[in-house]
2 protein chains.
Amino acid sequence: MKEVKPTTIKEIAKKLKISPSTVSRALNDHPSIGLVTTMRVKNMAKELNYEPNQTAIFFKQRKTFTIGVVLPSLSEPFFSSAISEIENVASDHKYTVIMGQSLDDAERELHILKTFKSHRVDGVLMSIGKNTRDFEFITKLKEAGIPIVFFDCVPAIPDVNKVECNLSTGMAEAIDAFVERGHQKIALINGPELLFASAERKNAFVSALSRNKISFDEKYIVHTDLTSKSNEDAMNILCSLADRPSAVISFNDFVTLDIMKCARERGLILNQDIHFISYANYPLWQYMENPPMGSIEQFPGEQGKKAAEILFSILNNKGEALPAAHFVLKSRLIMK
Amino acid sequence: MKEVKPTTIKEIAKKLKISPSTVSRALNDHPSIGLVTTMRVKNMAKELNYEPNQTAIFFKQRKTFTIGVVLPSLSEPFFSSAISEIENVASDHKYTVIMGQSLDDAERELHILKTFKSHRVDGVLMSIGKNTRDFEFITKLKEAGIPIVFFDCVPAIPDVNKVECNLSTGMAEAIDAFVERGHQKIALINGPELLFASAERKNAFVSALSRNKISFDEKYIVHTDLTSKSNEDAMNILCSLADRPSAVISFNDFVTLDIMKCARERGLILNQDIHFISYANYPLWQYMENPPMGSIEQFPGEQGKKAAEILFSILNNKGEALPAAHFVLKSRLIMK
DNA sequence: CTGTTAGCGCCTTCAC
DNA sequence: GTGAAGGCGCTAACAG
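None of the values given here were measured: they were computed from a predicted structure.

Chemist: How would you sum up the relation of the copies chain B and chain A? Please name residues and give values.
Modeler: Note on the identical chains: chain B maps onto chain A by a rotation of 180° and an axial translation of 0.1 Å, with an RMSD of 0.2 Å. With respect to symmetry, the two chain copies, as superposed, fit the operation of a two-fold axis. The position closest to the rotation axis in chain B is occupied by the C-alpha of isoleucine 98 of chain B, lying 2.1 Å away. A share of 100% of interface residues in chain B that are also interface residues in chain A marks the association as one of identical surfaces.

Pasting the structure below:
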């Protein structure tokens, strides 16, 4: 198979006996080029199967029409629905998406960003990993003129663009829903204590209880390191309490899957002896025979979409710096 | 915030009073440059925070160290596990991944490929959409010297690189498993009749039955267009048969979810009155109370990984054309 | 070992 | 309205 080397502007020019600059202008619909010439050029381009060499254009224009997306993982449904939406928005804006998965490794994260930077991406979307502590890279990117918009897992730092989901609203709705149905002994299986996301859940939990005039009992909050073993341990602790809770809110769906299994094995009847609500990150309840009572949705797709839109509004406004955008979605309880 | 414009090779050269080419060579560890010079250059590069401008390098080298991945959808777990593996392999090879989702739209697919081509990606990985009929693009890419490796959903065309999953092996195991457990009335809820993937399932179904000396009865094959409505219809047809099947193999997990629901609603006891096995595309059974008996795994992650490895072996062998690779994984029944 | 020169494909002043 | 010339940053002959 002979490799046909791509047509260039020069060849079109030669065939038409005009100058390359004219061809370039014609192809870009430059107003000062006659209609006739423009048509001739475009026809010839089609005939020769001309496709602009983007690498040359990127180089020349110092713009790549490419955005980079950094995520902890590409295989988790939570993130893949985000990236799917991001790709859609990017595609609408005629942008291409390059991506990297950090696997929650801070070094790998930095490496990806460095790669993106040397690729001269026009902008970055990012959900930070669990182990990211150093945010020096934000300054670096800013210096390089590359805007970044965070979403979902965002740094607690002022003056950065971010889209996040307020976890409290959903927690409030969940507690309300439980209380309405007569539950008073409501427990929280929270994530690792030092995680910001855990603190947020706890605060929301406590204040929602107090709003419902339920006195807060420390024993109803237990922690898991998110392994299956630890999830079960947490559940066993709760089940062994003299005052076993009748309702449990858990850190996420994976935890709930484990603890539901654990509850079944202890002979409890799901949705009767014990009820569940969890923060959603795995879209499967719709299919289950005995799903939890509800789940608190965080809308990863919307977050990704919104973040991408913010990024493009920045890119289209180049020159006038916009104030840092901070968009907060409300998490919401969706009953099953 | 002042934008610092990136350091170039020239500036390093000027500071060091040597020529840009020497700097370039030193940075690339060219053997003919003295150790001292190399060190001086590298130190200065670090000091000035030099980062090579990849867009220039891509342009100059006619190589982008980027591969393009085209998938029907980024949000389906089946594909996201593939892309996750692909990203890992690419990252190991110091390659970047750009991606596009076709959403099963043939035009969008072509558009993505065109974009990739003008981006001068070094290679393409692709799982074709349901509506792709025209494979002219393969020739185009070949002419442009861009290798392509298909995986999962691959074109039935000779001389293309592809990694696919043999659906028959899993079907055979599934039928065997049913027969071993005493089932004789085994049905197949197949996908749209004109889909290649449906024909494959049907053939495997028929021959596995015959191998087990079960006479094939046409009424035990029904079709669905994969909408929930159609899935239910198919199940209702089977359930209304005088000889209702006791075991059902279905096109994929989504179909099974619907038909299990349907079966429950008709008062059948799952895994007792009726048993299920389906081709897997949605990893959730592990969590269910009454999962199907098993599922036929197609290993999307492995497929993506293998396809990526083939692509890189081609890229690293540039010059000597390799014969078209055709790798076939065996689908396998995994019992729950 | 190192410097000089040229050019990748395209766009964009500056001329006419 | 169009052409000529220069250069983006880097690398790779070709010279020393």
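Alright, that's what it looks like, and here's the rest.
Chemist: Could you give an account of the protein's contact with DNA strand D, with specific residues and numbers?
Modeler: Lining the immediate environment of DNA strand D, one finds 27 residues, of which Thr22, Arg25 and Arg62 of chain A together with Ile9 and Tyr50 of chain B sit closest. The sugar-phosphate portion of DNA strand D accounts for 61% of its atoms within 4 Å of the protein, the bases making up the rest. A distance of 2.7 Å separates a phosphate oxygen of DNA strand D from a polar atom in the side chain of serine 24 of chain B. With respect to DNA strand D, the side chain of lysine 60 of chain B contributes an N or O atom lying 2.9 Å from a base oxygen. Only α2 (20-27) and α4 (54-61) of chain A together with α1 (9-16), α2 (20-27) and α4 (54-61) of chain B provide two or more residues apiece to the surface near DNA strand D. Among the elements that take part in the surface near DNA strand D, α4 of chain B stands out by supplying 5 residues, more than any other. Within the surface near DNA strand D, the residues separate by chemical class into 9 nonpolar, 12 polar and 6 charged.

Chemist: Please provide a residue-by-residue account of the state of the cysteines, values included.
Modeler: All names here are of chain A. Taken as a whole, this structure holds 0 disulfides over all chains when the rule is applied. The thiol of cysteine 153 is unpaired, and the distance to the nearest cysteine sulfur, on cysteine 165, comes to 12 Å. Relative accessible area serves as the criterion here: at 31%, cysteine 153 is assigned to the partly exposed category.

Chemist: Give me empty space enclosed by the protein: which residues, what numbers.
Modeler: Counted according to the given criterion, the structure contains 1 cavity of 30 Å³ or more. Roughly 180 Å³ of volume is contained in the largest cavity. As for the largest cavity, its lining consists of 15 residues, and the residues nearest its centre are Phe58 and His119 of chain A together with Phe58, Thr66 and His119 of chain B. Broken down by secondary-structure element, the contributors of at least two residues to the lining of the largest cavity are α4 of chain A together with α4 and β2 (96-101) of chain B. Classifying every residue of the lining of the largest cavity by side-chain character gives 6 nonpolar, 9 polar and no charged.

Chemist: I'd love a proper account of the interface of chain B and chain A, names of residues and values included.
Modeler: With 54 residues of chain B at the interface, the matching set in chain A holds 54 residues. Of the roughly 5,000 Å² buried at the junction of chain B and chain A (both faces included), carbon and sulfur atoms supply 57%. Ranking the residues of chain B by area buried against chain A places Arg120, Tyr287 and Glu289 of chain B at the top, with a combined share of 13%. Residue arginine 108 of chain A pairs with glutamate 87 of chain B through a salt bridge whose shortest N-O separation is 3.1 Å. Linking chain B with chain A are 16 residue pairs in polar contact (both at pLDDT 80 or more), by the criterion used here. Every element with two or more residues in the side of chain B that touches chain A is listed here: α4, α5 (77-92), β2, α6 (106-118), α7 (136-143) and α11 (253-265) of chain B. Counting residues per element, the side of chain B that touches chain A draws most heavily on α5 of chain B, at 7 residues. For the side of chain B that touches chain A, a count of residues per class yields 22 nonpolar, 19 polar and 13 charged. Relative to β2 of chain B, strand β2 (residues 96-101) of chain A runs antiparallel, the two being bridged by 3 bridges. Each residue of the ladder has a partner; that of isoleucine 98 of chain A, found in β2 of chain B, is isoleucine 98 of chain B.

Chemist: Describe the protein's contact with DNA strand C, naming the residues involved and giving the relevant values.
Modeler: Taken together, 27 residues lie near DNA strand C, and Ile9 and Tyr50 of chain A together with Ser21, Thr22 and Arg62 of chain B sit nearest. Taking the atoms of DNA strand C that fall within 4 Å of the protein, sugar and phosphate contribute 61% of them. Residue glutamine 61 of chain A places a side-chain N or O atom 3.4 Å away from a sugar or linking oxygen belonging to DNA strand C. The separation between a phosphate oxygen of DNA strand C and a polar side-chain atom of threonine 22 of chain B is 2.5 Å. Elements supplying a minimum of two residues to the surface near DNA strand C: α1 (9-16), α2 and α4 of chain A together with α2 and α4 of chain B. Among the elements that line the surface near DNA strand C, the one with the most residues is α4 of chain A, at 5 residues.

Chemist: Explain the sheet that holds strand β8 (residues 247-250) of chain B to me, using residue names and the numbers behind them.
Modeler: All names here are of chain B. Pairing is mixed in the open sheet, where 6 strands are placed in the order β7-β6-β8-β9-β10-β12. With one partner strand each, in any of the chains shown, β7 (221-223) and β12 (332-335) form the two edges of the open sheet. Each strand of the sheet is rotated relative to its neighbour by a mean of 20°, with strand direction disregarded. Direction of pairing for strand β6 (residues 186-190) relative to β7: parallel, over a ladder of 3 bridges. Bridge pairing in β7 places asparagine 190 opposite histidine 223. The strands touched by helix α8 (residues 167-180) are β6, β8, β9 (275-279), β10 (294-297) and β12; relative to β12, the strand with the most contacts, the crossing angle is about 40°. Its contacts with the sheet place helix α9 (residues 196-211) against β6, β7 and β9, and it is angled at close to 170° to β6.

Chemist: Pulling in residues and values, what's your account of the environment of leucine 311 of chain A?
Modeler: Residues and elements named next belong to chain A. Within the fold, leucine 311 resides in helix α12 (residues 300-315). The exposure class assigned to leucine 311 is buried, which follows from its relative accessible area of 0%. In sequence terms leucine 311 and glycine 123 are 188 residues apart; their C-alpha atoms lie 6.9 Å from each other. In contact with leucine 311, other than residues within four places in its own chain, are Ile67, Gly123, Val124, Leu125, Pro147 and Val149.

Chemist: Quick one: what's the story with the domain arrangement of chain A, residue by residue and with numbers?
Modeler: Assigned domains of chain A: these are domain 1 (9-52), domain 2 (61-165 + 300-329) and domain 3 (166-297). Domain 1 of chain A and domain 2 of chain A are separated by 37 Å when their C-alpha centres are compared.

Chemist: Explain the UniProt feature "domain: HTH lacI-type" (unreviewed entry) in chain A to me, and be specific about the residues and the numbers.
Modeler: UniProt's entry tags residues 7-61 of chain A with the feature "domain: HTH lacI-type" (unreviewed entry), counted in the numbering of this structure. Helix makes up 67% of residues 7-61 of chain A and strand makes up 0%, while its end C-alpha atoms are separated by 20 Å.

Chemist: Lay out α2 of chain A with the relevant residues and their values.
Modeler: Owing to its 3.6 residues per turn, the α-helix brings residues three or four apart onto one side. Residue and element names in this part refer to chain A. Residues of α2 that are buried include every one of Thr22, Val23 and Ala26, and no others. Taken down its axis, α2 places every buried residue within 100° of arc, on the same side. As for α2, its buried residues are in contact with α1 and α3 (35-47). Once α2 ends, the next one or two residues include aspartate 29, with phi positive near 55°.

What counts and how
- Residues numbered from 1 in each chain as written.
- Chains lettered and ligands numbered in written order.
- Predicted model: local features only at pLDDT ≥ 70, side-chain atom pairs only at ≥ 80, totals over all residues.
- Heavy atoms only, no water.
- Least-squares fit on C-alpha atoms with pLDDT ≥ 70 in both.
- Contact = heavy atoms within 4.5 Å.
- Near = heavy atom within 4 Å.
- Polar contact = N/O pair within 3.5 Å; in protein donor to acceptor, adjacent residues only side chain to side chain.
- Helix = DSSP H or I, 4+ residues; strand = E, 2+ residues; numbered from the N terminus.
- Nonpolar A, V, L, I, M, F, W, Y, C, P; charged D, E, K, R; others polar.
- Disulfide = S-S within 2.5 Å.
- Buried < 20%, exposed > 50% of the residue type's maximum accessible area, 1.4 Å probe, protein only.
- 1 Å grid on protein atoms, 1.4 Å probe; cavity = no way out; pocket = protein on both sides within 12 Å on 5 of 7 lines; lining within 4 Å.
- Points joined across faces, edges and corners; volume = space filled by probe spheres on them.
- Buried area = accessible area lost by both parts, 1.4 Å probe.
- Salt bridge = Lys/Arg side-chain N within 4 Å of Asp/Glu carboxyl O.
- Pairing = 2+ DSSP bridges.
- Axes fitted to C-alpha atoms, helices over the stretch in contact; angles between N-to-C directions.
- Domains from an automatic or database assignment.
- UniProt positions renumbered as here; feature names shortened; annotations may be inferred.
- Arc of directions from axis to C-beta.

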